[in-house]
Each structure stands twice: as structure tokens, then as C-alpha cells.
Amino acid sequence: AAIVNDGGRALVAAPAAVAGGGVVEEEGGGDGAFALSAFEALFVRRVESALKWDVQLTVRFPLSADTGNAASGPTRANAQMGDAAALHRAVGTAGLGEWSVRMLDAEHVLKTALADRVTLVSVACPPLALASPARAPSMPCELRVRLLLAQDPSTVTRQVDRGPADAEEAVAYAVDEAAATGARRQVAEWQAFWGVKSVLRRFRDGSIVHAVVWEPEASDGVFERSGVLARIATYALARHVSGYGNAMAVTDADSDVVTVKWPLSALLRPLRSAGADGGRAASQAAVRAFERLAGALRRLRDLPLAVTDVQPIAAACRYTAEPPPKPLGAGVAPPVGAEPLRFVISLEGSGKWPTDADAVDAVRSALHVRICEKLREASGTGGFGPGEPPDAIVASADGIDILLDGFALRGSITYDEHLAVTRSAVAEAAAAAKEELDSGEIRESGADSGALARLKAATARAEDVARNCVAAPVLAAALRQTSLGSPAFAPCVRLAKRWVAAHLLSPHVTDETLEALAAIAAAVGSGNSSVLGIPDSERESGRGLLPSAYAPPRSATTAFLRLLATIAQTDWESGPLRTPLRVELPETWRSGALAASARAAAAAALAREKSAGPQPLVRLELSALTRAAGGIDVASLCCARAPATASPAVLAVMPSMLPGGGDETDGGKPARVTGRRLIRLAKATLADISAALAMGGAPAHTTISTPPAEGEAEVTSAAGAATQAVERAFTAALEEYDVLLHLAKSASRELSAHNGDGLTGFKNLDSLSAAADWPSRLATDRVGKLLRTLEAQFGHLAVFFLDRLNGQAIALRWKPTAFLPVPFRVNAAHAMIVLASSAGADAAQHSGKKAKREKEGEGAGMVPNVLELLQDMLDLGDGLIASAEPVR
């Protein structure tokens, strides 16, 4: 079934027998809107244009009387079909109007010009504006070009388009006259289409062919380089479509008669802060440094236990670090706060490993020292392969620190029984604490109980092993496979991190959460059920992902918009969102120890589900990775940051380990309040950018007789509607916050060091010889610790926000209940204002608690003292906070 407009363009196409099997795109309204809606309800699934197409270009033609006048008849196109350019126009356009012919010709020309760079080309006109009595009816002077890119990114970004061989050479090797005639015709057609752009070039294989060269330019953008598509479209349309009378006379210098813009080019502009190439060279250098180290570790001999695997955890090793790590110079120590490239060394399981968790930690420390000694020996004998040897190798109880090729790398040792041993220690500590609980010793000693302290330490160690030695490597392996399989995944993740940081949500949304959401956006041929409207019953029955009308994205801009749509359109209240992440792990990971630990993980998950505590609003389900990790909840450990290792025995002794139990305020991050803020921002950003794309970057009603108004001229400039929408998307609305805690220069320097910068610029301070303690500088996150301290001390009054990439201040917003009067208590009167008795009585009645009359006063109440609270925050900053500024 199909619906077409007066220009022969299909608006709706769907198999008549299969409901929901077709696709429809909005091309403008009409008189049959009701009939169209009824047809869609039965046969089609509507998709958003901004989410479907990889690249959207706006083409603006020069204004002319014939173009701007809707009354110009259909004879103009037909009268010109005999000229030399008719070969490169669409067929079957006889009798159609001027603008319909121009659309069809433009699509035909673009298919020829872009060739195998794209898989689908769609050309349409923007919606027509309503005509007023003071303005004559007019046709738009603009086209919309929408492209689906080729699967191979190297095809899209190539700089040379090869054409036919040289005519004389082809004729010389022709077998007959027909072949010679065909060769001459191919060369003539190629030269007629490309004109002065076509040149003869000799390639490395010895062939001499006609080719068109597109030298790289800064306007091409990074990653998909969609700007080169705009340049190709500009030249081809200016030569064959802009003016039919002199189309063959257009040269490369005259191609400005047609203006082709890429509206979303500004969306990739934040990635240029890492360099002209978007930081790809730095990421590739970091991956090479890790691969050199991994190869050296695998080649080590004479170790007590053999190295079975080396798994990277760092985001830089999957090209998603934002910004990418910057290599240091030779002999330069990393700055304070620099983030190392983390990895995990898996050793073989053996009876040599002890069964006590403390003894295992001691053996791991000894093995760290032993491996460092062997690496130092290998560095002197070429064990690291081609390249410079490591600048420094240092061992510690917690791991190994190495400076290689200008990058700091940090690794630790694990083995297949590691998690089982640490969990056994937790069970033993829980049993000892249970005995003290039954005997009443814990109630008397409280938090100072030795058994309770040992239980907390054992639980923290087990959670650290579960997260960093099992869950994180499994998730990193799955994300790395996704990154290598989808060219849009890595830049999409980096854009998402920039967007979240720009809105000061860095402390609340983990990088792993954004990467898992980007994996949904980049899923090949799949869309999430909640986004596509699949019922919850089908989602719960295992149909979390179903084929969708969207092809896999080939551009970072489209993948980012799909990520926003996933956040904005998912029904998060109905449960966690399923992800398509899968992983193929080596055989060393499929051990009996991980399988045996699945029962304990399942029991802990069941205990958490039965708890009454709140859960994060934005939650993910990584069922395939959870199975690969032996039943460990990878999503909770790496994305929600909720406790996931506590066993029922531990929970019986320490209920506070449950989400929402004890002193905890939520079950992980993002909390519900910040989760709703994330969803609201995603909806606003997606709507703003989609509206700008629908506008096309230029007023649709502009004609030669109606010059654009002042406001319209601004939209048609380089900083058009899409550019302005992108700028709004990456700019925080600071007026929405209550107080800004401005960071001191030392704190800003540490944040920049965490993100790849931070060197002082003085050789005597940055040199490795002057910083023998350089491992202690790594991962020193004083700003992050300060933020956690503020949340622990004042989290009941305010929510704290921070931009970890470019932020200069910690923003806070008071909770709605922060300034409600509470009953007066002596031990809670610090930084509080005592109210009158009547207000205090109302507060006591509201809280349902009777105020003590002897020491606390009859009917007294209190509210927070903002000035004293801010002074306390400055004091807790310990020099990291320079000042506090109320916003409103």
C-alpha cells in the first residue's frame, strides 16, 4: 500500500498484510490527515527522521523568479531536456512542476556523486508555509537531503573516487570496436559529470584512471567526516541542478551558487578539544601501549604461576575515554590526579594458592613484586617489543604501576578462586558478628565492635574483588567488542559523557551506564522494546529487544540522538532496561569457582528485591554479562553502584548494606531525583535538536520577493538553528541551582589532571627524577572525595552537582524539605536557627514526635542556617573550595 503526493513522492509504504511492517516519515500535513492517521494505525510504525538518517544536509539554491514563483508552469524542465546535461537528470519527469523536477534531479545526481559512500538517498522539500494576502504563493528555495551511510567507515571517508581507465589505454587493450566505444563512452560520461574535478592519476598498482580527489578540510568534521559529503553534494548540485541553462559551465570555483550545510556538524565540535582528529591518535597510542605491556606479561617465564590472560578495564582501551589520555613526554612524571590505564592480570588456578583471604592478599603482593622484577629484566632484553622500554616500573601491595610510551598503567592480580575465597571470609566474619549480636556485645560496643569492623572490611574487600576483578573486566570486554563492531559507538559515548558533564551530572551517572546506553543506541538492527512501544508483558517474557525500523547508525550524531531517545522515551518506572551487550570470554573465565558463586549472588539479589529501600530510577539489566560473570550483578556493581555482594547472613547483621537501609538514602546512582532530571534533560535536548533539523536551518517561505527578516538572517548564518540547539544542549543552566561552591585553583588543576592535563610546565617539577613517589599521584581524586563528604554530611538537605570535564564549581540545590521546621534537639542544633515556640509546636506535631520539655524546651523548633551551612562546606573543603556564591 502507498500514499503519494502530487510530485510522485511516496509518503507511506507498507506491506498490506503485515501490520507494523512499514515505515512512514513526516513530509508535511494535508487535507487527508485523518485518513493518513488511520492508515498508520493499521499498517505502519512511525519513526523520527532525526533518529533514522545518518546525515541530514540542507541544500539552498540561488533565488530566482522561476524558483520562487509557484505559478511557473511545468514546461521549463521539459524545454531544457535536450541540453548536454540531460544525461544526469532523473527520467520520467515530463509534465511535472519545476520544484518536483528539481527534487528528482537532485536525488539522481546525489546517487551518482556519492556512489557507494551511502546506501540510501532521500531528497524532499521542507513543509510549505501558509500564504498570507500580502505575500504571493511561493515555493521553497531549499531541499532536505538525508543519507544512510555505508557500513564501512573507510568507504565514507575516502579521499579519492576512482573512475574509468584512460580512454587511450582502454582503447589500446580493447578486444573489439564495441569495447573501445564503450570505454570512450564511460570516460565521456565521467568527465561530463565531474568536469574540471576529474584528473588522471597513476595508482600504486600501476593503473592510470580518471579520479576525483577530495582533500581533507577542517570543515569535514571528525570521525564520520560527513563534511566531505556536503562538499561532494555542493559541487555536483551546483554543476547539474542549480541552473539548467549553464550547468555544464559550472567549475569548482563557481560551486558556491548552491549552499549545502551539515546542520549537526556543531554536535561533534566538543570532541575537537582533544585535537583536530578528535583524539583518535591519542586513543590509538594508549591501546598500543597496553598491547605492548600485555604482550610482555604473556611472554614472562619463571613465574610461580603462569599468566593466563590480561584484560583491560580502562575506557581508553575501547576508545571511549573523554577526553582521550594525552601521552607524557619521555622522563615526565604524571601529574597529581592523573587517571591510569587499568588492567587485570589473571594467573592460573593452582593448589599453591592459600584458602585464607588475608593469605591470598599477601601472596598477591609478593607476586606483584616478582612480576615487576621480571618486567625490569624484560625491558633490558627487548621483551616489550619494538619501541622504547618503560620509563619506570613500581610494585606495591595493591598492584603494579608502569610508565610506558608516555602512559601510566596500573594493574592487579587475580585468579579464578579469588572471589570465592573473599566471600568465604565474609561468611566467617558474618558468623562471628552474629554470635556477638546474639550475645548482646555489639549493642554495647556499637560501631567499635571488632567483629563488626572485620565484617565491614571483609565485605568491602569482597565487593572490590567482585567489581574490579570480575564484573569490570566482563563489562569492559563486552563494550570493547561493541566499540570494534560499531564505528558510531565510541564517539557517541564521548558525546554522551560531554553532555552529562555539561549539565553537572557527572557524580550521578557513571560512565559505564552511558556506555551501556550507547550500546543500545548502536545495536545492529535492534531497538529497545520500551522505546518502540512493546508491552511490558512481552518485555518481561524475554523480548527486551525486537527488530526495529531503524538501521544501525553509522554516524556519531545519529547514535547520540538515539541514546537521548532511549533515555527520554523509556518507561523507567516499569523496571530495568535490557541491553544487547554480549561477550565471548576466554576459557579461563569459565571456571567452577564463578559458577559456584552464582548461588550466593542470586541469594543476595533476592534479599535486595525483598527490601523496602528505593532503587535507582535509571537501571539497566545486563543478564548476559551477569551469566558470564558467574551470577554477579554486573549492572549494579558497574552502573548503579549499589551493594551487590552482601549475603543473607551479612544482611541479617548489617541491614544498612541494603539499598535504603540504615543510613543509606537510595539504592545507588543515579538516584530518583537526579534520574528524573536526566530524563527531563534528554527530552528537552532531543526535542530542541529535532525541531532545529525540521526547520532545516533556513526559513521555508523565503523567496526573491520576500527577503528574510532580521531574525531569519541569523538562522541562515553559520550559527543556524541546529548550531544554536547544540550550544544549548551542552550549556548548563546555572540559574536552576541555589549555590555555587567555586573550586580553588588546586582543585581545578587536579580535575584537569584527571582528564589528561595538569602538568605545571616546569621541568624540575614535572620530571620523573623529581617525583619518585609518582604512583601515589595516580587516581588521587580529592574533588571526588570532597563531593562524597558533602553528600554524607549535607545530603539530607541538598543535592550536589559537578562537571568533571570543564567545571569550575560544585553546584547544590536545596531539597524541598530542607527548610521545613523540625523539633529542637540539642545534639542537632549546629548550624540551625531556633524558631519561636508556636512554629516549633507545629513542627513537633507535623513530625509526630513529642519534644522533650526538660532539656529541649517546650514547643521549640529549628530550621537550617544557610550561612553557617555554607561556612561548614568551606571548612570541609580544606582549601579546595575558594568561595560560595548564592545564585538566587
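Rules used throughout
Residues numbered from 1 in each chain as written. Predicted model: local features only at pLDDT ≥ 70, side-chain atom pairs only at ≥ 80, totals over all residues. Heavy atoms only, no water. Axes fitted to C-alpha atoms, helices over the stretch in contact; angles between N-to-C directions. Helix = DSSP H or I, 4+ residues; strand = E, 2+ residues; numbered from the N terminus. Parallel < 35°, antiparallel > 145°, perpendicular 65-115°, else oblique. Left-handed = near helix turned anticlockwise from the far one by under 90°. Contact = heavy atoms within 4.5 Å. Nonpolar A, V, L, I, M, F, W, Y, C, P; charged D, E, K, R; others polar. Salt bridge = Lys/Arg side-chain N within 4 Å of Asp/Glu carboxyl O. Buried < 20%, exposed > 50% of the residue type's maximum accessible area, 1.4 Å probe, protein only. Pairing = 2+ DSSP bridges. Phe/Tyr/Trp six-rings, centres within 6.5 Å; stacked < 30°, edge-to-face > 60°. Lys NZ or Arg CZ within 6 Å of the ring centre and 35° of its normal. Expected span 1.5 Å × (residues − 1). pLDDT = per-residue confidence, 0-100. Polar contact = N/O pair within 3.5 Å; in protein donor to acceptor, adjacent residues only side chain to side chain.

Topic: the packing of helix α12 (residues 418-439) against helix α14 (residues 450-485)
α14 packs onto α12 with a crossing angle of 160° between their chain directions and a minimal axis gap of 8 Å. By the angle class used here, α12 and α14 are roughly antiparallel. α14 is crossed by α12, and the crossing has left-handed handedness. In this structure, α12 uses His418, Leu419, Thr422, Ala425, Val426, Ala429, Ala430, Ala432, Ala433 and Glu436 to contact α14, whose residues at the interface are Ala451, Arg454, Leu455, Ala458, Thr459, Arg461, Ala462, Val465, Ala466, Cys469 and Val470. Here the residues of the contact of α12 with α14 are counted per class, giving 15 nonpolar, three polar and three charged.

Quick look at the pattern of salt bridges
Between side chains of opposite charge, a pair can form when the charged atoms approach closely. For the structure on display, the rule yields 27 salt bridges. The shortest N-O distance in the salt bridge between glutamate 107 and lysine 111 comes to 3.3 Å. Taken together, the residues span about one helical turn, with glutamate 107 and lysine 111 both in helix α5 (residues 98-114) at a distance of four residues. For lysine 111, a relative accessible area of 45% gives the class partly exposed. Here glutamate 750 ties to arginine 782 by a salt bridge, and the two come within 2.8 Å at their closest N and O atoms. Of this pair, glutamate 750 sits in helix α27 (residues 745-754) while arginine 782 sits in helix α29 (residues 782-794), placing them 32 residues apart in sequence. Assessed through its relative accessible area of 11%, glutamate 750 is described here as buried.

A few points about the sheet that holds strand β12 (residues 307-312)
Backbone-to-backbone hydrogen bonds pair the strands of a sheet. The strands run either parallel or antiparallel. Spatially, five strands are ordered β12-β13-β16-β15-β14 in an open sheet, and the strand pairing comes out mixed. Strands with a single pairing partner mark the edges of an open sheet, and in this sheet they are β12 and β14 (392-395). Strand-to-strand twist across the sheet, computed as the mean angle between neighbouring axes with direction ignored, equals 20°. Across four bridges, β14 lies against strand β15 (residues 400-404) in antiparallel orientation. Its bridge partner lying in β15, isoleucine 393 is registered against isoleucine 402. Set on the sheet, helix α11 (residues 357-380) makes contact with β13 (341-347), β14, β15 and β16 (407-414); between it and β14 the angle comes to about 160°.

Remarks on the pairing of strand β9 (residues 198-202)
Across five bridges, the pairing between β9 and strand β10 (residues 208-213) is antiparallel. When the sheet's bridge partners are listed, leucine 200 is paired in β10 with histidine 210.

A look at the packing of aromatic side chains
According to the stated counting rule, one finds 11 aromatic pairs in the structure shown. By way of ring pairs, the aromatic residues Trp190, Phe193, Trp194, Trp214 and Tyr235 are connected into one cluster. In this structure, arginine 162 is placed above the aromatic ring of phenylalanine 203, and the distance from its NZ or CZ to the ring centre is 4.1 Å. Looking at arginine 677, its charged tip hangs above the ring of phenylalanine 801, at a distance of 5.5 Å from the centre.

Here we look at α5
Between its first and last C-alpha, α5 extends 24 Å over 17 residues, near the 24 Å set by a 1.5 Å rise per residue. Taking burial as the measure, the 17 residues of α5 include 14 buried ones, the bulk of the element. Of the residues flanking the end of α5, it is alanine 115, one or two places downstream, whose phi is positive at about 50°.

Side note on the sheet that holds strand β5 (residues 55-60)
Across the sheet, four strands lie side by side as β6-β7-β5-β11; this open sheet has antiparallel pairing. Each edge of the open sheet is held by one strand with a lone partner, namely β6 (118-124) and β11 (259-261). Direction aside, the axes of adjacent strands within the sheet are offset by 20° on average. Here β5 runs beside strand β7 (residues 142-149); their pairing, made up of six bridges, is antiparallel. Following the sheet pairing, arginine 60 is matched in β7 by glutamate 142. Packing against the sheet, α5 makes contact with β6 and β7, and its axis sits at approximately 165° to β6. In the packing of helix α9 (residues 227-240) onto the sheet, contacts are made with β5, β7 and β11, and the angle to β5 comes to roughly 30°.

So, the confidence of the model for the protein chain
Interpretation of this model should avoid reading the predicted coordinates in detail wherever pLDDT is low. The pLDDT averaged across the protein chain works out to 75; a share of 68% of its residues lies at or above 70. Contacts for the low-pLDDT stretch residues 656-667, under 50 throughout, to residues beyond four places or in other chains number 33 contacts.

Observations concerning unusual backbone geometry
Residue proline 323 is reached from glutamate 322 by a cis peptide bond, and omega for that bond is -5°. Tracing the chain through its elements places proline 323 in the loop between β12 and β13. At alanine 779, a residue that is not glycine, the phi angle is positive and equals roughly 55°. Residue position: alanine 779 is located in the loop between α28 (763-766) and α29.

Thoughts on the environment of proline 325
Considering the arrangement of structural elements, one finds proline 325 in the loop between β12 and β13. With 46 residues separating them in the primary sequence, proline 325 and glycine 279 have C-alpha atoms 8.5 Å apart. Beyond its immediate chain neighbours, meaning those up to four positions away, proline 325 contacts Ala282, Ala286, Ala316, Leu341 and Phe407.

Observations concerning the side chain of arginine 146
Take arginine 146: it is sitting in strand β7. A polar contact is formed between the side chain of arginine 146 and the side chain of serine 49, at a distance of 3.1 Å.

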